[in-house]
Amino acid sequence: MISKDDRFLSDLATELRRVGLEAIVVGNTASILNDAPVLTQDVDLLIRNTQRNRRKLNLLVAALGGSMIPIADKTRRILGTRVPIDILFDKISGAGGSFAAVLSRSHQEVVGSDILTVASLADIIKSKRAAGRPKDLAVLPILETTLKIRQAKGLP
Amino acid sequence: MGWVFVSCLTKTQNAVMILCMSRGISSQARQASARKNGRLGGRPRKAVALLARVRTLYAELADKISDVDPGDALLVIERMCRGPHDDRVFFIFPRPGGGYDF
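The rules behind each value
Residues numbered from 1 in each chain as written. Chains lettered and ligands numbered in written order. Predicted model: local features only at pLDDT ≥ 70, side-chain atom pairs only at ≥ 80, totals over all residues. Contact = placed C-beta atoms within 7 Å. Helix = DSSP H or I, 4+ residues; strand = E, 2+ residues; numbered from the N terminus. Nonpolar A, V, L, I, M, F, W, Y, C, P; charged D, E, K, R; others polar. Pairing = 2+ DSSP bridges. pLDDT = per-residue confidence, 0-100. Buried ≥ 20, exposed ≤ 12 C-beta atoms within 10 Å, placed from the backbone.

J.: Describe the interface of chain B and chain A, and please don't skip the residues or the numbers.
T.: In this complex, chain B contributes 19 residues to the contact, which on the side of chain A involves 24 residues. No other element matches the seven residues that helix H5 (residues 70-81) of chain B contributes to the side of chain B that touches chain A. Counted by class, the side of chain B that touches chain A contains 13 nonpolar, one polar and five charged residues.

What follows is the structure in structure tokens.
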């Protein structure tokens, strides 16, 4: 059975594809899609900061029935959806965190009946270590354990 | 109906009743679910299949992850074995009065 959470991510993937917005799932939602046994309160998406993408982003917000507010210079939050969606422009914390670099190491994951592009667990670990907030550091040990087990299974 | 009956009993009687129910001695509901789900005693077939996948993968990886805490390893492996149709949970929702909902 598809859970409500999987269905929400599936609907998000469908809308991203429909508006043609190239986005990479980062943050703890990406950790979960990389098999980490953690939970989160939002979805983080990394996109390129271009005029065209900002237009597509407005279409996405309208399609999801939410509203968008700025929470930092290069971060926006979409509210009014099942969980808040944070939009990060151009890069995530840590060396090699540019959109192109993260995309080159990303992979596709099935969510519900659709597909999302998901950052590699190594990139998520790097970004959390660089962010250095207590909540990021707290989750590092289990993410590193997950990476070790994934590598033992031959996964990235 | 079974729970209403149990709640009328003393603690000792409750314990005996629950023990009997857990052994399938007197619970009609348990017998009915066993008939519905085969010999699993009400445990969903998908849960049994998931458990089998977890056991298999854990056995396969055990040598390579001997330095990992077994409890953590099982949590990760269970996640690995869950697909998009296996009731995955991603999000928690803070309650106004404290605590979280899934």
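From this point on, the discussion continues.
J.: Hey, could you go over the pairing of strand E4 (residues 75-79) of chain A for me, with residue numbers and the actual values?
T.: Residue and element names in this part refer to chain A. In this structure, strand E3 (residues 67-72) lies alongside E4, joined through five bridges in antiparallel fashion. Note that in E4 the partner of Ile-69 across the bridge is Arg-77. Linking E3 back to E4 in an antiparallel pair, the connection comprises two residues. When E4 meets strand E5 (residues 85-89), the two strands line up antiparallel, connected through four bridges. For Arg-77, the partnering residue across the bridge sits in E5 and is Asp-86.

J.: Provide a residue-level description of the confidence of the model for chain A, including the pertinent values.
T.: Per-residue confidence for chain A gives a mean pLDDT of 95; residues scoring 70 or more make up 100%. Model confidence for chain A, summarised as mean pLDDT per element, is weakest for E3(A) at 94 and strongest for strand E1 (residues 24-26) of chain A at 98.

J.: Give a detailed account of unusual backbone geometry, specifying residues and quantitative values.
T.: Residues and elements named next belong to chain A. Positive phi values are uncommon outside glycine, yet Asp-35 reaches one of about 80°. Relative to the helices and strands, Asp-35 is located in the loop between helix H2 (27-33) and strand E2 (43-47). The exposure class assigned to Asp-35 is buried, which follows from the 21 C-beta atoms found within 10 Å. Residue Asp-90 is not a glycine yet carries a positive backbone phi of 75°. Within the fold, Asp-90 resides in the loop between E5 and helix H4 (99-104). Classification of Asp-90 by C-beta neighbours within 10 Å gives partly exposed; the count is 14.

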